[in-house]
Structures are given as structure tokens and as C-alpha cells.
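These are the residues of each chain, in order.
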Amino acid sequence: MIVAKMELAPQGVYNRDLRNSLRILVTGGAGYIGAHTVRPLLARGHDVIVVDNLSKGYRHNVPVERLYEMDIADTAALASLMRRKQTDAVIHFAAFIAVGESMRVPERYFANNVCGSLSLLTAMVQADVKRMVFSSTAAVYGNPQTTPIPENAPIQAVNAYGESKVMVETLLRWFDAIHGVRSIALRYFNACGADPAGDLGEEHEPETHLIPLVLRALVSGQPVTVFGNDYDTPDGTCVRDYIHVNDLAQAHILALEHLMAGGASDQFNVGTGRGHSVLEVIRTVEEVTGRKVPYVIGARREGDPARLVAASRKLQTKLGWKPRMSDLRRIVEHAWQFAGKQQMA
Ligand code: UDP
């Protein structure tokens, strides 16, 4: 039995030779972080299927034979698919992510993110699938009192998106206590960069994230707006913890293998512990591309905390995770390489 075999793997160690194939269902696997996780899962020999309704994800991000175009709200279809595929575990990415939109139409976020996750968990129980890695967010901490933020900091989301993820973390607690579904929630900071292979990267529509917007400004000549330069930070612009999407993907794989090796439910931050300001990001883009970034200083964006940096020791010590690509220069190089391929396409 697969679980028994996995128990032979040393706990908390990323064992590259581990070749026990798991059958994994990835929701939202055609999206940005999901697709970057599917790739190394397949490379490690796991058998992966993707459930995505393609409302945000892209067909071209996933091998066609692995994609099931399905909505996570469809409990019966999910349960039937998991039974048929004898799924061992789920990695759950499918969710809406735009903070601003969540404050205009919160119902969309609670329906898709919370009710969708409830439907998925219900299907898992029906199909007897008892392991989940969940894509959570640093937004669960709201405006933190201390940085770097530890996992035991108060949970106090300040927007509907963050609250929807808090609610799913709550569901996970009860599904563990009552149904024995073991889960790891990964609370991400700023996911960015692209697979160095160059054919997979960030393609949000509309795009709201800093690095792709700065790269677009370079290409279009239309200035990007820096949201405020009067924060209490060294250069007055907001500081964030930028994590390369491939390092983030690795955290999911470690979390999954930890659960399969008998690990208990838990929550981990995924960040580097280092912060960079908006102007530092712009400067790094200029260094990497050798071009001047057109930008203007604008008003603060509502709800932006001055500084968000993760304390990520727990993930490093408990799961043996190490950020390997999350140097800002490298992140920008990979994002720029992907942007170049996009323009040529
Ligand atoms: N930002 C900015 N201009 C933009 C987009 C973002 O100045 O057009 C800033 C934003 O205020 C934040 C940082 O860049 O301090 C990262 O924002 P992003 O939306 O990428 O991620 P978030 O921190 O909101 O998750």
C-alpha cells in the first residue's frame, strides 16, 4: 500500500530519490501556482490529474490528457472522479485571488473559495480521500503587529479574500477532527517569477501584481503606478516577501509527502524572511533588463500594510524546505524571460 511505503521515507527530509508514485488530484492546476506545482510532481513520478473550470486557468498550462474541466462545486462529479482514479491526496489551489474584487463582490469569494472548498472536502470524505494540501495566504494575518510574521500570529483578515481562506482553514480543522482528513495549509506571501524553462509563467487577467505590471510598463512605455511612497519603510514604499513560484511549488510537494508519511495537520508560512520595497523591485527590473522603467508615484492602495515578511523557519525546520530560486534578481530574470516568450507568441 502506498501510504505504508511512504512511511519508510525519512520525515521532514526532501528525499530526491523518493519514487513512490502517488495519485494526486490538483484543483486549479491550470492556474499560475497550480501549473508550476504539477510539473515537478510529474517529474517526481507522481500520477497527477488536474480539475479546473478554466475560469482563470489556461488549457495550455497542463498536459491535455491530465485535465478534467470540472467545477469544484460539483461534489458528485468530484467524488466519482476521485473514486475512479483511486486518488491518494488532493492539492487544492482553485480559488479567486483578487483582494480588491473581494471587497466589491464578497459573495463571489465566499461562494467559490469557501463553498467550493466545502464541496471538495465533502467529495473527499465520500471517496475516502484523507489528505489535502491547501493553498492559503498571508492575508489571513491582516495587518500584522509583528514582522517577520510567525504562524501563531493572530488571524485577523482585513479583506473578504483573506477571510475566505480563514474560513477554509476552519473547515479543515473540523474535517480533521471529525472525518480524519489531514491537511497542511500553506500561507503564501508574494508568489512571483516563472519556470526557468520559459514556457510557464504568470498570466493573470486582469493583472494586478507588481512584477508583471512593471515588466508590462517596460514593454508598453505606459508608466506603472507605485502605490504610495510615504510608508514607514526605508524608502517609503511597501515592503513585501517575494517568493519564487518554483520554491512555492516545492513547499507543496514537501507538505504532501509529509502528510503521506503520517504527518499531522498543520499550517506553514511560505516566504523567504527577506523583504524588498516596490522601488527595489523596479531597480532590479532595470538592472536585469538594462532598460529604464517608466513609473509614477500614486496614492496608497487601500488595505496595503507597510511591511509583510514571513517568518518561515517552521517550514524549513519541520519540512526541510529551502528557498533556492527566490533571490529577487533571479525571480525577475525568469519573469522577464517568460514575458519575452509571451511577446513572441
Ligand atoms: N504595487 C504597486 N503598484 C502596482 C501593483 C502593486 O506599487 O501597480 C505594490 C503594492 O502596493 C504592494 C506591492 O507592490 O506593496 C506588491 O503588490 P502585489 O499586488 O503584487 O501583491 P500583494 O502584496 O498585494 O499580495
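Procedures and definitions
- Residues numbered from 1 in each chain as written.
- Predicted model: local features only at pLDDT ≥ 70, side-chain atom pairs only at ≥ 80, totals over all residues.
- Heavy atoms only, no water.
- Axes fitted to C-alpha atoms, helices over the stretch in contact; angles between N-to-C directions.
- Helix = DSSP H or I, 4+ residues; strand = E, 2+ residues; numbered from the N terminus.
- Parallel < 35°, antiparallel > 145°, perpendicular 65-115°, else oblique.
- Left-handed = near helix turned anticlockwise from the far one by under 90°.
- Contact = heavy atoms within 4.5 Å.
- Expected span 1.5 Å × (residues − 1).
- Buried < 20%, exposed > 50% of the residue type's maximum accessible area, 1.4 Å probe, protein only.
- Disulfide = S-S within 2.5 Å.
- Pairing = 2+ DSSP bridges.
- Salt bridge = Lys/Arg side-chain N within 4 Å of Asp/Glu carboxyl O.

1. Section: the packing of helix H2 (residues 32-43) against helix H8 (residues 245-260)
Axes are the key here: two packed helices are described by the angle between their axes and the distance separating the axes. Packing of H2 against H8 brings their axes to within 9 Å, and their N-to-C directions diverge by 60 degrees. On the basis of the axis angle, H2 is oblique to H8. Here the hand of the crossing between H2 and H8 comes out right-handed. Contact residues: H2 offers Tyr-32, Ile-33, His-36, Thr-37, Pro-40 and Leu-41, while H8 offers Val-245, Asn-246, Leu-248, Ala-249, His-252, Ile-253 and Leu-256.

2. Observations concerning helix H9 (residues 278-289)
Within an α-helix, residues lying three or four positions from one another point in the same direction, as the helix has 3.6 residues per turn. The end-to-end C-alpha distance of H9, which contains 12 residues, comes to 17 Å, matching closely the 16 Å that a straight helix rising 1.5 Å per residue would cover. Residues of H9 that are buried: Val-278, Leu-279, Val-281, Ile-282, Thr-284, Val-285, Glu-286 and Thr-289. A positive phi of about 70 degrees marks Gly-290, the residue just after H9.

3. Section: the state of the cysteines
Counted under the stated rule, the structure contains zero disulfides. Just so you know, Cys-192 is unpaired, no disulfide at all, and the nearest cysteine sulfur is the one on Cys-238, 15 Å from it.

4. Here we look at the sheet that holds strand S3 (residues 67-69)
The strand order S3-S2-S1-S4-S5-S6-S11 describes an open sheet built from seven strands, whose pairing is parallel. Edge positions in the sheet fall to S3 and strand S11 (266-270), since each of these pairs with one other strand and no more. The mean inter-strand angle of the sheet, taken between neighbouring strand axes irrespective of direction, is 20 degrees. Here strand S1 (residues 23-27) runs beside strand S4 (residues 89-92); their pairing, made up of four bridges, is parallel.

5. Details of the pairing of strand S5 (residues 131-137)
Of all seven residues making up S5, seven are buried, and the element is well covered by its neighbours. Relative to S5, S4 is paired through three bridges, and the arrangement is parallel. Bridged to His-92 within S5 is Phe-134. The sheet contact formed by S5 and strand S6 (residues 182-188) spans seven bridges and is parallel. From the neighbouring strand, Phe-134 faces S6, where its bridge partner is Ala-185.

6. Quick look at the sheet that holds strand S14 (residues 307-308)
Taken in spatial order, the three strands of this open sheet run S12-S9-S14, and their pairing is mixed. Across the chains shown, the open sheet's two edge strands, defined by having one partner strand only, are strand S12 (276-277) and S14. The sheet contact formed by strand S9 (residues 239-240) and S14 spans two bridges and is parallel. Its bridge partner lying in S14, Val-239 is registered against Arg-307.

7. Brief notes about the pattern of salt bridges
Applying the stated criterion to the full structure yields 19 salt bridges. For Asp-47, the salt bridge is made with Arg-66, and the minimal N-O distance between the two is 3.2 Å. Within this pair, whereas Asp-47 is found in strand S2 (residues 47-52), its partner Arg-66 is found in the loop between S2 and S3, the two being separated by 19 residues in sequence. When salt bridges that share partners are traced, they join Arg-39, Asp-195 and Asp-199 into one network.

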